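Tertiary structure, described
One letter stands for each residue in the lines below.
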Amino acid sequence: MTVKDILDAIQSKDATSADFAALPLPDSYRAITVHKDETEMFAGLETRDKDPRKSIHLDEVPVPELGPGEALVAVMASSVNYNSVWTSIFEPLSTFGFLERYGRTNELAKRHDLPYHIIGSDLAGVVLRTGPGVNAWKPGDEVVAHCLSVEMESSDGHNDTMLDPEQRIWGFETNFGGLAEIALVKSNQLMPKPAHLSWEEAAAPGLVNSTAYRQLVSRNGAGMKQGDNVLIWGASGGLGSYATQFALAGGANPICVVSSEQKADICRSMGAESIIDRSAEGYRFWKDETTQDPKEWKRFGKRIRELTGGEDIDIVFEHPGRETFGASVFVTRKGGTITTCASTSGYMHEYDNRYLWMSLKRIIGSHFANYREAWEANRLIAKGKIHPTLSKVYSLEDTGQAAHDVHRNAHQGKVGVLCLAPEEGLGVRDEDMRAKHIDAINRFRNV
Ligand SMILES: C/C=C/C(=O)SCCNC(=O)CCNC(=O)[C@H](O)C(C)(C)COP(=O)(O)OP(=O)(O)OC[C@H]1O[C@@H](n2cnc3c(N)ncnc32)[C@H](O)[C@@H]1OP(=O)(O)O
Ligand SMILES: NC(=O)C1=CN([C@@H]2O[C@H](COP(=O)(O)OP(=O)(O)OC[C@H]3O[C@@H](n4cnc5c(N)ncnc54)[C@H](OP(=O)(O)O)[C@@H]3O)[C@@H](O)[C@H]2O)C=CC1
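Computed from a predicted structure; not experimentally measured.

**Thoughts on helix α13 (residues 371–382)**
- In this model, α13 (12 residues) spans 16 Å end to end at C-alpha, consistent with the 16 Å of a helix rising 1.5 Å per residue.
- Buried residues of α13: Glu373, Ala374, Ala377, Asn378 and Ile381, and no others. The buried side chains of α13 occupy one side of the element, clustering within an arc of 135° when seen end-on.
- Of the surrounding secondary structure, the elements contacted by the buried residues of α13 are β6 (142–145), β10 (190–192), α7 (206–217) and α8 (238–249).
- Two to three positions downstream of the cap, the backbone nitrogen of arginine 372 sits 3.1 Å from a side-chain oxygen, assigning the N-cap of α13 to asparagine 370.
- Trailing α13 by a residue or two, glycine 384 shows a phi angle of about 70°, which is positive.

**Quick look at the site of ligand 2**
- Ligand 2 sits among 25 residues. The nearest are Ser259, Arg278, Thr344, Phe368 and His411.
- Within the contact set of ligand 2, an oxygen atom lies 2.8 Å away from a backbone nitrogen or oxygen of leucine 239.
- A distance of 3.2 Å is found between an oxygen atom of ligand 2 and a side-chain nitrogen or oxygen belonging to lysine 263.
- Burial of ligand 2 by the surrounding chains reaches 90%, relative to a free accessible area of 910 Å².
- Only α4 (82–89), α7 and α8 provide two or more residues apiece to the shell around ligand 2.
- When residues in the shell around ligand 2 are grouped by element, the largest group, three residues, is from α7.

Cut-off values and rules
Residues numbered from 1 in each chain as written. Chains lettered and ligands numbered in written order. Predicted model: local features only at pLDDT ≥ 70, side-chain atom pairs only at ≥ 80, totals over all residues. Heavy atoms only, no water. Helix = DSSP H or I, 4+ residues; strand = E, 2+ residues; numbered from the N terminus. Expected span 1.5 Å × (residues − 1). Buried < 20%, exposed > 50% of the residue type's maximum accessible area, 1.4 Å probe, protein only. Arc of directions from axis to C-beta. Contact = heavy atoms within 4.5 Å. Polar contact = N/O pair within 3.5 Å; in protein donor to acceptor, adjacent residues only side chain to side chain. Near = heavy atom within 4 Å. Areas by Shrake-Rupley, 256 points an atom, 1.4 Å probe, with all protein chains shown as cover.

Read these as spatial facts, not as claims about activity.
Structure, rendered in structure tokens:
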């Protein structure tokens, strides 16, 4: 039995759940990995010079044992997230430390502590097997998977699963991720695949869409409301392209920051009207490595006021981190919110705290999403209210190049990867709905 037989079953129109359950599993499958014995390969290099094409491998790996509450999924497509860039350049930490720590927790978790890390935190595919105790899903179900892995043995996570002390990001802090032909997930990561999308389109939103939903819309994040002025950094990037859509769909006013006219055009085509091209306008929030320039914060704030008719920002959607955080705190209105989920340009932030406390602003830390939030975000995709922002699709063999593009900010929106899917465009089950939304679905393609 090989993965080819699995693909044949997926592509045959009449395979039943029983047929999938009866398919023998292959011994091995192809997966994107980084190697434990290479974690020092970029020592001494600047972050931007660490090249994911050198550390990312395509290996044949054994199929992991299936545990209680888990599912093995045949992965048709996945996507590149920035966390896979971090893994591939071994920053800020090697992810093998996460796998070792997880492996120490119990006998079954030991499976994750391997000399290779199969990465990837998104997938669209078909359930092959479910472990003991799984009722909600069965072989043959067409699914997407969100990336929240939780144990839920402690009381801490029972109001909000993100607060579970054993909360991990699948394919980053666990092994057997989605950039592979087969993935191992907990069954409570599974959600129905949106029927009007192809495999690669369905795999694209998951991680960033769920994160943007919690960070911006959910009561656990900024709780955006109609009319809010929302400053969105990287508004045509992975997170930002969903934050922009949530702001527009929720009746807010996105102020989109981008770094090129081409990206400005994408934001306009989504319906945004207030756009700042940070490259063209040349903001330099830091005079040198250690000194910020409040005059530049003010110039930026003045530009925002021009775009809003004199209003300041209710919510900043933050993720660039060190480079922008001082400006983000400054331009937020009295009582406003800065919500942050990352620090791409550096995690040691500096801001003038007088502008925070005197103006009663709040900084909210946000990280991925709980199952309910991920489900709601996926539901909005399935209902055609929010659309995938897939720009380009790579083969599994070219994942290193895809990650390199994202690392160098040479991409738009989301970058997809075909895993078992032999070509793009397969897996669409609702052509009528697709036809209704086709322009929005294709908005980011090949720009
Ligand atoms: C969905 C997608 C998401 C993304 O893309 S996010 C972007 C990518 N992710 C990242 O860049 C984050 C990567 N992760 C990290 O950098 C690290 O993961 C953290 C900084 C988040 C945490 O560092 P760590 O070393 O794992 O944990 P510690 O808490 O710094 O160290 C553990 C030791 O510190 C002790 N400790 C913790 N809290 C306290 C406290 N409040 N007072 C005293 N000690 C404390 C513990 O007990 C333990 O100790 P003992 O090492 O001896 O076991
Ligand atoms: N905690 C969590 O749950 C999550 C965290 N993340 C993290 O968020 C970060 C962004 O992820 P994602 O959106 O997918 O990445 P992308 O690279 O797809 O998009 C980020 C965009 O931010 C802008 N940007 C990058 N650097 C800077 C800078 N120094 N100053 C201003 N703008 C900048 C760029 O847009 P432009 O050039 O047009 O301005 C870029 O396209 C990553 O660090 C990732 O690890 C992501 C998802 C979930």
